[in-house]
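# Survey of secondary and tertiary structure
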Amino acid sequence: MKKLACSLACAAALGLSVTAPVNAAGISNGEVKIGVLSDMSGVYSAIGGKGSVVAAEMAVHDFGGTVLGKPIKIVSADHQNKADVGSAVAREWIDKDHVDMITDILNSAVGIAVQKLASEKHTITMNTGAGSTALTNKDCTKYGIHYLYDTYALPVGTATAIVKGGGTSWYFITADYAFGHSLQNNTETIVKSLGGEIKGAVQAPLGTSDFSSYLIQAQGSGAKVIGLANAGADTINAIKQANEFGIVQKGQQLAGMLVFISDVKSLGLDTAKGLQFTTGYYWDRNDASRKFGNAFYAKFGKMPTMDQAGVYSAVLNYLKAVKAAGTDNADAVRAELGKMKIDFFGSVGHIRADGLNVHDMYLVKVKSPKEFNPNVGHGWDLLKVEATIPGDKAYMSLAQGSCKLVKK
Amino acid sequence: MNRIAWITVIVLGLLAPFAVYPVLMMELLCFALFACAFNLLLGYSGLLSFGHAAFFGGAAYICGYAVTAWHLGPLQGILIGTAFAGGLGLVFGVLAIRRQGIYFAMITLALAQIIFFLCLKMPFTGGEDGLQGVPRGMLFGFIDLNKPLNMYYTVFAIFMICFWLIWRAVNSPFGQVLSAIRENEARAISLGYSVERIKLLAFVLSATLAGTAGATKSIVFQTASLTDVSWHTSGEVILMTLVGGMGTLLGPVVGAFTIVGLQHELSSIGSWVTVIIGLTFIVCVLVFRRGMVGELTRLWKRSF
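### Overview of the overall build of chain B
Check the secondary structure of chain B and you find 14 helices and four strands. Taken over the C-alpha trace, chain B has a radius of gyration of 19 Å; the compact-globule value for 304 residues is 19 Å, and the two agree within 12%. Seen through its principal axes, chain B has C-alpha atoms that stretch 50 × 45 × 40 Å. Classification of the 304 residues of chain B by burial places 51% in the buried group. Contacts spanning at least 24 positions in sequence make up 76% of the contacts within chain B whose residues lie at least 6 apart.

### A look at the overall build of chain A
Within chain A, the regular secondary structure consists of 14 helices and 16 strands. Relative to the 2.2 N^0.38 estimate, which gives 22 Å for 408 residues, the radius of gyration of chain A is 22 Å and therefore close to what a compact globule would have. Principal-axis analysis of the C-alpha atoms gives chain A an extent of 80 × 50 × 40 Å. Per-residue burial for chain A yields a buried fraction of 57% across its 408 residues. Sequence separation of 24 or more characterises 71% of the internal contacts of chain A that already satisfy a separation of 6 or more.

### A look at the domain arrangement of chain A
Residue and element names in this part refer to chain A. Taken domain by domain, chain A holds domain 1 (28-151 + 287-358) and domain 2 (153-282 + 361-390). Measuring from the centre of the C-alpha atoms in domain 1 to the corresponding centre in domain 2 gives 28 Å. The interface is formed by 16 residues belonging to domain 1 together with 17 residues belonging to domain 2. If you tally residues by element for the side of domain 1 that touches domain 2, the top one is helix α12 (residues 306-325), at three residues. Looking at the side of domain 1 that touches domain 2, its residues break down into 10 nonpolar, five polar and one charged.

### A closer look at the sheet that holds strand β5 (residues 124-127) of chain A
Residues and elements named next belong to chain A. One open sheet holds the six strands; their spatial order is β2-β3-β1-β4-β5-β6, and the pairing between them is mixed. The open sheet has two edge strands with one neighbour each: β2 (66-67) and β6 (144-146). Where β5 meets β6, three bridges bridge the pair, whose relative direction is parallel. Bridged to N127 within β6 is H146.

### Here we look at the interface of chain A and chain B
Tallying the contact residues gives 37 residues for chain A and 30 residues for chain B. Among the secondary structure elements, those contributing two or more residues to the side of chain A that touches chain B are α1 (2-19), β3 (70-78), α3 (83-95), α4 (108-120) and α6 (178-193) of chain A. Looking at the side of chain A that touches chain B residue by residue, the class counts come to 17 nonpolar, 10 polar and 10 charged.

### Observations concerning α12 of chain A
Taking 1.5 Å per residue, 20 residues should reach 28 Å; α12 of chain A reaches 28 Å between its end C-alpha atoms and fits that length. Directly beyond the C-terminal end of α12 of chain A, a positive phi value near 75° is found at G326 of chain A.

### Quick notes on the pairing of strand β13 (residues 347-351) of chain A
The side chains of a regular strand alternate between the sheet's two faces. All names here are of chain A. Alternating positions in β13 separate cleanly, S347, G349 and I351 being buried on one face and V348 and H350 remaining unburied on the opposite face. Examined bridge by bridge, strand β12 (residues 342-344) and β13 share three bridges and lie antiparallel to one another. The residue of β13 that forms the bridge with F344 is S347. Hairpin connection of β12 to β13: two residues between the antiparallel strands, including F345 at a positive phi of 50°. Sheet topology places β13 next to strand β14 (residues 357-358); two bridges connect them, and they run antiparallel. Across the sheet, the residue bridging to H350 is V358, located in β14.

### Re helix α5 (residues 153-164) of chain A
Residues and elements named next belong to chain A. If you check α5, its first and last C-alpha atoms are 16 Å apart, about what 12 residues at 1.5 Å a residue would give, namely 16 Å. Of all the 12 residues making up α5, 11 are buried; the element is thus mostly covered by neighbouring parts of the structure. Looking at α5, one finds that the buried residues are A153, L154, P155, V156, G157, T158, A159, T160, A161, I162 and V163. Positive backbone phi, at 105°, marks G166, one or two positions downstream of α5.

### Considering the nonpolar core
With 223 residues, the main nonpolar core has V315 of chain A together with L33 and F34 of chain B as its most contacted residues. Broken down by element, the residue count for this core peaks at 18 residues, all from helix α2 (residues 22-45) of chain B. Here this core spans two domains, since at least three of its residues come from each of domain 1 (28-151 + 287-358) and domain 2 (153-282 + 361-390) of chain A.

### Details of the packing of helix α11 (residues 231-244) of chain B against helix α12 (residues 251-265) of chain B
All names here are of chain B. Taken N-terminus to C-terminus, the directions of α11 and α12 make an angle of 115°; their axes are 7 Å apart at the nearest point. Like other packed secondary-structure pairs, α11 and α12 cross with a definite hand, here right-handed. The residues of α12 that touch α11, namely those facing E236, L239, M240, T241, V243 and G244, are G251, P252, V253, V254, G255, A256, T258 and I259. Along the lines of polarity and charge, the residues of the contact of α11 with α12 split into eight nonpolar, five polar and one charged.

### Topic: the confidence of the model for chain B
Of all residues in chain B, 99% have pLDDT values of 70 or greater, and the mean over the chain is 89. Scoring of the predicted complex yields 0.85 for pTM and 0.82 for ipTM.

### Considering the packing of α3 of chain A against α2 of chain B
As a packed pair, α3 of chain A and α2 of chain B sit with axes 9 Å apart at the nearest point and diverge in direction by 155°. Relative to α2 of chain B, α3 of chain A is oriented roughly antiparallel. Between α3 of chain A and α2 of chain B, the residues in contact are D84, A88, R91 and E92 of chain A and V23, L24 and E27 of chain B, respectively. Of the residues belonging to the contact of α3 of chain A with α2 of chain B, the class tally is three nonpolar, no polar and four charged.

### Observations concerning the environment of S193 of chain A
Residue and element names in this part refer to chain A. Positionally, S193 belongs in helix α6. Its 11 C-beta neighbours within 10 Å are what place S193 among the exposed residues. For the pair formed by S193 and A153, sequence separation is 40 residues and the distance between their alpha carbons is 16 Å.

### So, the sheet that holds β13 of chain A
Taken in spatial order, the three strands make up an open sheet running β12-β13-β14 (chain A), and their pairing is antiparallel. Every other strand in the sheet has two partners, leaving β12 and β14 of chain A as the edge strands with one partner each.

### What about unusual backbone geometry?
Positive phi is not limited to glycine here, since H98 of chain A has a value of about 55°. Inspection of the secondary structure assignment puts H98 of chain A in the loop between α3 and β4 (101-104). Classification of H98 of chain A by C-beta neighbours within 10 Å gives partly exposed; the count is 16. Positive phi is not limited to glycine here, since H71 of chain B has a value of about 55°. Note on placement: H71 of chain B falls in the loop between α3 (52-69) and α4 (74-96).

What counts, and where the lines are drawn
Residues numbered from 1 in each chain as written. Chains lettered and ligands numbered in written order. Predicted model: local features only at pLDDT ≥ 70, side-chain atom pairs only at ≥ 80, totals over all residues. Helix = DSSP H or I, 4+ residues; strand = E, 2+ residues; numbered from the N terminus. Rg over C-alpha atoms; globule rule 2.2 N^0.38 Å. Buried ≥ 20, exposed ≤ 12 C-beta atoms within 10 Å, placed from the backbone. Contact = placed C-beta atoms within 7 Å. Domains from an automatic or database assignment. Nonpolar A, V, L, I, M, F, W, Y, C, P; charged D, E, K, R; others polar. Pairing = 2+ DSSP bridges. Expected span 1.5 Å × (residues − 1). Core = buried A, V, L, I, M, F, W, Y, C linked by C-beta atoms within 7 Å. Axes fitted to C-alpha atoms, helices over the stretch in contact; angles between N-to-C directions. Left-handed = near helix turned anticlockwise from the far one by under 90°. pLDDT = per-residue confidence, 0-100. Parallel < 35°, antiparallel > 145°, perpendicular 65-115°, else oblique.

Structure follows, in structure tokens:
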């Protein structure tokens, strides 16, 4: 009985400490702690992983190592693509380690879970890794920021640019689940609104290894553009086999909906040449991106993916906001982030009420082996920027969105 | 287990959240219950199911959906999830127990993959985003589960009830018959037991308790995702059971604590998690043939 009474008393004490108000000014707990939660060992580790930690550390270094006279610390963890592991780590970070901001969070199931829980606990998340539009619509939160890209901006950017460039008829190879269907729908809407034509679509199950029958159908459709509404291994397999069928050589164009530079690197230029897709960052775009790209390469031995560049930029802008607000209090920092201009390697974005960071996106094309310059970028001279898609064209407008925090 | 052992377990469980981070403790308990449920089948009945994630994750989705969409209380949600897993277990069981060994494992795997694809494609599961924002709610209408300790003691109570149930089942005539079937099925048949029915009962019981674990987990973490129903999870629970010691009551608990604890503790060092867990498994299989608990009990028995 005594034990029970004791544990009840402790429970009450803990309950009180949780509800106690956070101090409104200054830096809480004597330091600013930033958590990089990523996939370190699984399928997405090449996109984020250790490289994201390196990027975050570089941001802290470039910021000067301290903010408002207090040290900045980076912690990192592997969520193993499990929503429960990710949310357990995030809870512990916030409750025990007093982490002030969590970034990266690849994998949308983990991303949404962590964003929800962090917001309940008044902690800012800056998601650069997950693409789901749910982050700023159905599941939008007060402190959740979707920083880098979403599954609306990527296909829409690609489709807009390609249709305007003459790719007016489309055929889709779609991963047969919600993600693939939403990519296809978003793209179709844009293609049709620009006067393009949809020749058809074929659904391939998730994890298809043999795309030949789908590719033959796509080839037979006579469409100018084959849209790959899938991601990861599916996209890679489709591109490899499209190359074996000589689809690009025969005049059709491949459009990827979710491609990272690490995918292009592993496919090789011979296979991937001519592929067009949208990205938030390419190292060889301007001076600012080159500077970061080269510095990152010197530390990590690879050029950054857009996710890793996103982590760098998110951490840097978060620290700027903390400095401007004079505190690491989440409400004040979030308000500051909403007001300030978000510098993204030389282009300027802004963070909306639903948490979406609206910034320019870039349509890129994979270079052919002839265009490749081995003396540039340590073998990462892979892409050329074809067009800049202005932020307000690339992203869903607030009116189209369904975030309950936005007053319409 | 004698009275002292029970009291030790209960006292340790009550004090644990003051030593270990409560959310981690809850995760450990959910997986421990999952492994115990699985052990009932593998350790005590000798049936290797490779599809237990379907019950675990299926119940997580159903419970999460019931609580989110129908605004039920957490307890009702867990009960519905559990009942769903039981029903699913009955269907799987009827189909699978007609075969033995590798065929049994393959049938359960195939059926579990069907559930995985349903969870991927059905609109209510949220696809790869998972089912998110499951409210923890109020237990019995007045205990606020958003408080970490309230949630922990609820999970601990659920765990202890289920653990007691498993202990009771194993040490009953039913449990004895299960062991008899495992050791010598032909003989059990010749003794007049309707082996298929008993196996089916064990299968359904195991599936139901796995469901309880999954449903509880979805309340704790406020989410259900595809990982819960994927075959990796089915594999992991086998790993937990083998590492801890199959056919022992505490083995799966130790195994689950080891594996999930490692996953959690190693998460900060990054990419080595899978390698270290793999090595742990290899070492356990080579050195502790009976699992950690199995080996310890043998040593204990030898020295006294």
